[in-house]
Amino acid sequence: MLRPDYPIRTARLVLRPFQEDDLDVFHAYRSLPEVHRYLYNDTASREGVAELLARRINEHELTEEGQRLALAVCLDEEVIGDVALKWTNEANRQGEIGYSLHPAFQGKGYAQEAAAHMLKLGFEDLGLHRIQAECDARNEPSWRVMERLNMRREAHLRHHELFKGEWGDSYVYAMLAEEYREPI
Ligand SMILES: CC(C)(COP(=O)(O)OP(=O)(O)OC[C@H]1O[C@@H](n2cnc3c(N)ncnc32)[C@H](O)[C@@H]1OP(=O)(O)O)[C@@H](O)C(=O)NCCC(=O)NCCS
């Protein structure tokens with residue numbers, strides 16, 4: 001069970017649940033091809049993004065496995081992206097993180113900073129044993145975040161799914177609780 005106290009403050013950012021009036025800014029970046037290219041939720045229409053936002057608004061706590069904690073990443077009260085922690089398995093204490101940023105705010109370490117806090121929530125507050133992150137092997141900015149977080153590349157899955165009409169490769173990165181406590 002994870003019910004964070006909001007807003008969460010990191011060194012430069014505020015993480016908080018999504019709200020209805022985030023639609024304009026959420027749509028502004030989630031509809032960009034360069035942002036949704038490697039995402040599963042790749043709808044660009046305002047209606048599609050509104051449906052996604054409606055789900056995100058309810059994803060502010062983890063009460064059972066399978067749920068996602070999805071938070072708005074804010075800089076000076078402006079939403080610049082989103083970050084998530086999914087509780088994938090309770091018995092095995094497994095989780096998964098994900099992130100995306102408006103392109104105007106990339107290249108400054110904000111995704112790393114927000115994702116680092118999701119590792120903290122997962123390991124310290126939810127008591128997870130292992131947290132993984134997965135991305136398309138071509139999505140170098142994404143796997144570079146994982147490497148800066150000291151996550152370990154555990155797998156290169158070759159052609160394991162048909163992704164947007166073509167065979168896709170994925171990298172799987174992970175970190176164990178003991179590695180989080182004593183960074184390698
Ligand atoms: C994945 C994504 C969030 C990465 O964004 P990013 O801005 O590259 O990542 P960060 O915010 O951690 O910033 C890292 C960059 O900022 C630089 N940086 C500047 N100041 C920094 C700081 N204080 N701390 C850390 N990095 C800093 C780093 O050197 C790095 O640049 P480099 O890659 O040229 O070396 C972004 O590419 C994105 O939103 N993509 C679309 C959505 C997506 O694919 N999400 C992942 C799905 S699996």
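Quick notes on the rules
- Residues numbered from 1 in each chain as written.
- Predicted model: local features only at pLDDT ≥ 70, side-chain atom pairs only at ≥ 80, totals over all residues.
- Heavy atoms only, no water.
- UniProt positions renumbered as here; feature names shortened; annotations may be inferred.
- Helix = DSSP H or I, 4+ residues; strand = E, 2+ residues; numbered from the N terminus.
- Near = heavy atom within 4 Å.
- Polar contact = N/O pair within 3.5 Å; in protein donor to acceptor, adjacent residues only side chain to side chain.
- Areas by Shrake-Rupley, 256 points an atom, 1.4 Å probe, with all protein chains shown as cover.
- 1 Å grid on protein atoms, 1.4 Å probe; cavity = no way out; pocket = protein on both sides within 12 Å on 5 of 7 lines; lining within 4 Å.
- Sits in = over half its atoms within 2 Å of the grid points.
- Nonpolar A, V, L, I, M, F, W, Y, C, P; charged D, E, K, R; others polar.
- Buried < 20%, exposed > 50% of the residue type's maximum accessible area, 1.4 Å probe, protein only.
- Contact = heavy atoms within 4.5 Å.
- Phe/Tyr/Trp six-rings, centres within 6.5 Å; stacked < 30°, edge-to-face > 60°.
- Lys NZ or Arg CZ within 6 Å of the ring centre and 35° of its normal.

**Student:** How should the UniProt feature "domain: N-acetyltransferase" (unreviewed entry) in the chain be read in this particular structure?
**Tutor:** Mapped onto the present numbering, the UniProt feature "domain: N-acetyltransferase" (unreviewed entry) falls on residues 13–178. Secondary structure over residues 13–178 splits into 31% helix and 37% strand, and the C-alpha atoms at its two ends are 26 Å apart.

**Student:** Any chance you could explain the site of the ligand here in plain terms?
**Tutor:** Taken together, 22 residues lie near the ligand, and Y99, L101, G107, A111 and R144 sit nearest. Residue Q112 places a main-chain N or O atom 3.0 Å away from an oxygen atom belonging to the ligand. Burial of the ligand by the surrounding chains reaches 72%, relative to a free accessible area of 940 Å². Judged by the proximity of its atoms to the pocket grid, the ligand belongs to the largest pocket. Going through the elements one at a time, α2 (33–36), β5 (94–101), α4 (110–125), β6 (130–136) and α5 (140–148) are the ones with two or more residues in the shell around the ligand. Take the shell around the ligand: its biggest share by element is five residues, from α5. In terms of residue class, the shell around the ligand is built from nine nonpolar, seven polar and six charged.

**Student:** How should I be thinking about the side chain of H27 in this particular structure?
**Tutor:** As for its position among the elements, H27 is in helix α1 (residues 23–30). With relative accessibility at 18%, the residue H27 sits in the buried group. Setting aside residues no more than four positions away along its own chain, H27 makes contact with A44, S45, R46 and V49.

**Student:** Help me out: how do you make sense of the packing of aromatic side chains in this one?
**Tutor:** For any pair of aromatic rings, geometry is given as the distance between the ring centres together with the angle between the planes. Under the criterion given, the structure shown has six aromatic pairs. Centroid distance F18 to F26: 5.0 Å. Interplanar angle 50°. Geometry classified as tilted. Accessibility assignment for this pair places F18 and F26 in one class, buried. Clustering of aromatic rings is evident, with ring pairs tying together F18, F26 and Y29. Above the ring of W143, the side-chain terminus of R153 is found at 5.0 Å from the ring centroid. The ring of Y171 has R153 sitting right over it, with the charged end atom 3.7 Å from the ring centre.

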